[in-house]
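Examination of the molecular architecture
So the chains spell out like this:
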Amino acid sequence: MNRLELQRVNIEKHKKVLKDAMTDDARARSSISLYASITKIIPDLNEKDRDKGYIVDRERSKMERFEFDQTTSNVEICNRLWNMGDTIQRHG
């Protein structure tokens, strides 16, 4: 293979990697949108050492922020999110 052909092959490989990454990104966005639609929870995926995000009621245009540190148990997080969801729906 000559140098020009090698460059063409490398470019094609990079294009495939980029296309796959874009497909994965679109799939992840779709999954998060579905999750948010069902649970009314939009997580902040950029935060690694805390569980945080928003509970959203789109019908009433309401949003409530939540944030839990790593010492909060999963049961406590679930209970608090459940209560927050109930509160946002009742007071809409």
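This next bit is on the side chain of Lys-52. Mapped onto the secondary structure, Lys-52 falls in strand β2 (residues 50–57). Residue contacts for Lys-52: discarding those within four places in its chain leaves Pro-43, Asp-44, Glu-47, Arg-65, Phe-66 and Glu-67.

Moving on: the confidence of the model for the chain. When pLDDT is averaged across the chain, the result is 87; 95% of the residues are at 70 or more. The least confident element of the chain, judged by mean pLDDT, is helix α2 (residues 74–90) at 84; the most confident is helix α1 (residues 3–39) at 91.

Bringing the sheet that holds strand β3 (residues 62–69) into the picture now. With antiparallel pairing, 3 strands are arranged side by side in an open sheet as β1-β2-β3. Of all the strands in the sheet, just β1 (41–43) and β3 have a single pairing partner and so form its edges. Along the sheet, successive strands turn relative to each other by an average axial angle of 25 degrees, direction set aside. For β1 and β2, the ladder comprises 3 bridges, and the chain directions are antiparallel. Of the residues in β2, the one forming a bridge with Ile-42 is Tyr-54.

About the cut-offs
- Residues numbered from 1 in each chain as written.
- Predicted model: local features only at pLDDT ≥ 70, side-chain atom pairs only at ≥ 80, totals over all residues.
- Heavy atoms only, no water.
- Helix = DSSP H or I, 4+ residues; strand = E, 2+ residues; numbered from the N terminus.
- Contact = heavy atoms within 4.5 Å.
- pLDDT = per-residue confidence, 0-100.
- Pairing = 2+ DSSP bridges.
- Axes fitted to C-alpha atoms, helices over the stretch in contact; angles between N-to-C directions.

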